[in-house]
Amino acid sequence: MLTVTDLIYHNFYTVCALVPTIMMLILALIFLTIPKKSKATTHMGVVFVFLSFFFAAYFLNALLYHPIGAYHRFITVITIIPITIHLSLVFFYYPFPRNTVFAKRGAIILYCLHAIFAFIFIHILYNSPKVYSFAGHYWDFSADNPSMYYGLVILFHFIIILISGVWRAIVTKTKERWIVLA
């Protein structure tokens, strides 16, 4: 009979996922507890909160030597798009708020689309077989084609971040332009 300790496989990969998890939690705590913080700071704090859950999913997957570890993908799918949305929102609030109505409406639309895509993807994953990846020492779902399409959705969101940053660098005429570019 298996016990819980038989399922725990603490190794290099658990440490590699635990370190950024803790770091993101610390950064979230720092950013979200700043008194009189700006909206840009709040959005960065939210990014770090979501990133901590994102990395925690990989920690749990690396820790559990069992097919249930494949379900880490549900957490990563749910958290990655909010990370990109809030990173884009930082550009609408730093160094000063600009086009915030557009930003809020865009964020709402992206969150709604994310909910739809994530639900569909998770439904597909739930009905997919689980496989063990020897190269990465983790369990995952055997759903390469749906993962590729969801990867394209993520790539689209990173392009939105890039466009938001370039736009902000162009419209910012002060010395903060170089900080935006950095």
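The rules behind each value
- Residues numbered from 1 in each chain as written.
- Predicted model: local features only at pLDDT ≥ 70, side-chain atom pairs only at ≥ 80, totals over all residues.
- Heavy atoms only, no water.
- Helix = DSSP H or I, 4+ residues; strand = E, 2+ residues; numbered from the N terminus.
- Buried < 20%, exposed > 50% of the residue type's maximum accessible area, 1.4 Å probe, protein only.
- Contact = heavy atoms within 4.5 Å.
- Areas by Shrake-Rupley, 256 points an atom, 1.4 Å probe, with all protein chains shown as cover.
- Lys, Arg positive; Asp, Glu negative; His and termini not counted.
- Charge placed at Lys NZ, Arg CZ, Asp CG, Glu CD.
- Pairing = 2+ DSSP bridges.
- Patch = residues over 30% accessible without salt bridge, like charges linked within 9 Å, V, L, I, M, F, W, Y side chains within 5 Å.
- Salt bridge = Lys/Arg side-chain N within 4 Å of Asp/Glu carboxyl O.
- 1 Å grid on protein atoms, 1.4 Å probe; cavity = no way out; pocket = protein on both sides within 12 Å on 5 of 7 lines; lining within 4 Å.
- Points joined across faces, edges and corners; volume = space filled by probe spheres on them.
- Nonpolar A, V, L, I, M, F, W, Y, C, P; charged D, E, K, R; others polar.

Chemist: Describe the overall build of the protein chain, and please don't skip the residues or the numbers.
Modeler: Scanning the protein chain from terminus to terminus reveals seven helices and two strands. Considering only C-alpha atoms, the protein chain reaches an extent of 65 × 35 × 25 Å along its principal axes. For the protein chain, the residues scored as buried account for 40% of the 182 residues in total. Partitioning the intrachain contacts of the protein chain with sequence separation of at least 6 by distance along the chain shows that 70% fall at a separation of at least 24. In the form shown here, the protein chain has an accessible surface area of approximately 11,000 Å², with 76% of it arising from carbon and sulfur atoms. Treating the 12 positive side-chain charges of the protein chain as one cloud and the 4 negative ones as another, the clouds have centres 26 Å apart.

Chemist: Give me the lowdown on the pairing of strand E1 (residues 130–133), citing residues and values where you can.
Modeler: With four bridges joining them, E1 and strand E2 (residues 138–141) adopt antiparallel strand pairing. Bridge pairing links Val131 to Asp140 in E2. Once E1 ends, the chain turns through four residues before running back antiparallel as E2, passing His137 with a positive phi of about 60°.

Chemist: Tell me what's going on with a nonpolar patch on the surface, and back it up with residues and numbers.
Modeler: Together, Ile109, Leu113, Ile116, Phe117, Phe119, Ile120 and Ile124 line one region of the surface with nonpolar side chains, adding up to about 660 Å² of accessible area. In this fold, Ile116 is placed in helix H5 (residues 100–126).

Chemist: A description of the layout of surface pockets should follow, citing residues and the corresponding values.
Modeler: Empty space within the largest pocket amounts to approximately 210 Å³. As for the largest pocket, its lining consists of Ile85, Ser88, Leu89, Phe92, Phe102, Ala103, Gly106, Ala107, Leu110, Ile160, Ile163 and Ser164. Of all the secondary structure elements, the ones that give two or more residues to the lining of the largest pocket are helix H4 (72–93), H5 and helix H6 (144–171). Counting residues per element, the lining of the largest pocket draws most heavily on H5, at five residues. Grouping the constituent residues of the lining of the largest pocket by class yields nine nonpolar, three polar and no charged.

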